[in-house]
Amino acid sequence: ETGVTQSPTHLIKTRGQQVTLRCSSQSGHNTVSWYQQALGQGPQFIFQYYREEENGRGNFPPRFSGLQFPNYSSELNVNALELDDSALYLCASSPGPRGVDEQFFGPGTRLTVL
Amino acid sequence: AQSVTQPDIHITVSEGASLELRCNYSYGATPYLFWYVQSPGQGLQLLLKYFSGDTLVQGIKGFEAEFKRSQSSFNLRKPSVHWSDAAEYFCAVGPGSNAGNMLTFGGGTRLMVKP
């Protein structure tokens, strides 16, 4: 069984650019959540997708957007990058969006904004 | 709004010593509670979770945690630490039941293990 994978591993962008991060869910999972983990902090919930629809959103501006595809893989898009967007971005998939559905995390994408 | 506090940013213990990592949460109802571990370059791995029932829960790698409603705490313990336990530990709270599984994390505790 393949776990959650993310690409790329590392990425360097400059302020004002746009970036797309990708996540491949674990087999059989229809829910994906994205988290931002700034250096030295805990992860913060960005949003969740369930069966291709946004199912919840944290306190992030609209320039953070996402997509979930029919195969349940997902993208996180960030427009107009700011220096504070530098962080580890974690994707987590789960078999559903219920409270009892365990989230399985990928290794993350390290984004550096210069 | 729910929140999670991990009062200890860094903890150093000797190999073989016992360990307790503290976690306090703020939530209106009974939340679902989790402990995750993150090693360098790795994603988060679930150690254990509490949904309901017995307030002492057992997890992987010899860890356990106790839910204390009166103290709004969910402390993680291990009787004998191994050098491989050195990592960052995160306590997290979920809204529970059918309210979704989005997690609110604490700031983390970095565990260092002395030989």
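Figured I'd write up the structure that's included with this text. (Residues numbered from 1 in each chain as written. Chains lettered and ligands numbered in written order. Predicted model: local features only at pLDDT ≥ 70, side-chain atom pairs only at ≥ 80, totals over all residues. Heavy atoms only, no water.)

1. So, unusual backbone geometry
Then step 1. The omega torsion across S7 of chain A and P8 of chain A is -10 degrees, close enough to zero to call that bond cis.
Then step 2. Of note in the backbone geometry, K61 of chain B takes a positive phi value of approximately 60 degrees without being a glycine.
Then step 3. With respect to the helices and strands, the residue K61 of chain B is situated in the loop between strand 7 (56-58) and strand 8 (64-68). (Helix = DSSP H or I, 4+ residues; strand = E, 2+ residues; numbered from the N terminus.)

2. Topic: the interface of chain A and chain B
Then step 1. Counting residues at the interface gives 24 residues for chain A and 21 residues for chain B.
Then step 2. Summed over both partners, the interface of chain A with chain B buries about 1,500 Å², with 55% contributed by carbon and sulfur atoms.
Then step 3. Interface area lost by chain A to chain B is led by P43, G99 and F105 of chain A, which between them contribute 31%.
Then step 4. For the interface between chain A and chain B, the tally reads one salt bridge.
Then step 5. Where E102 of chain A meets K49 of chain B, a salt bridge forms, and the shortest distance between an N and an O atom there is 3.9 Å.
Then step 6. Where chain A packs against chain B, one counts eight residue pairs in polar contact (both at pLDDT 80 or more).
Then step 7. When residues in the side of chain A that touches chain B are grouped by element, the largest group, three residues, is from strand 9 (residues 87-94) of chain A. (Contact = heavy atoms within 4.5 Å. Buried area = accessible area lost by both parts, 1.4 Å probe. Salt bridge = Lys/Arg side-chain N within 4 Å of Asp/Glu carboxyl O. Polar contact = N/O pair within 3.5 Å; in protein donor to acceptor, adjacent residues only side chain to side chain.)

3. What about the side chain of D85 of chain B?
Then step 1. Assignment of secondary structure puts D85 of chain B in the loop between strand 9 (73-78) and strand 10 (87-94).
Then step 2. Contact partners of D85 of chain B, with chain neighbours within four places excluded, come to F63, K78, S80 and L111 of chain B.

4. Things to note about the layout of surface pockets
Residues and elements named next belong to chain B.
Then step 1. Within this model, the largest pocket holds a volume of roughly 490 Å³.
Then step 2. Tallied by class, the residues present in the lining of the largest pocket amount to eight nonpolar, 13 polar and three charged.
Then step 3. Contributing to the lining of the second largest pocket are 23 residues, with V37, G43, L44, Q45 and L46 lying nearest its centre.
Then step 4. If one sorts the elements of the lining of the second largest pocket by residue count, strand 6 (residues 44-50) sits on top with four residues.
Then step 5. Grouping the amino acids of the lining of the second largest pocket by side-chain chemistry returns 11 nonpolar, nine polar and three charged. (1 Å grid on protein atoms, 1.4 Å probe; cavity = no way out; pocket = protein on both sides within 12 Å on 5 of 7 lines; lining within 4 Å. Points joined across faces, edges and corners; volume = space filled by probe spheres on them. Nonpolar A, V, L, I, M, F, W, Y, C, P; charged D, E, K, R; others polar.)

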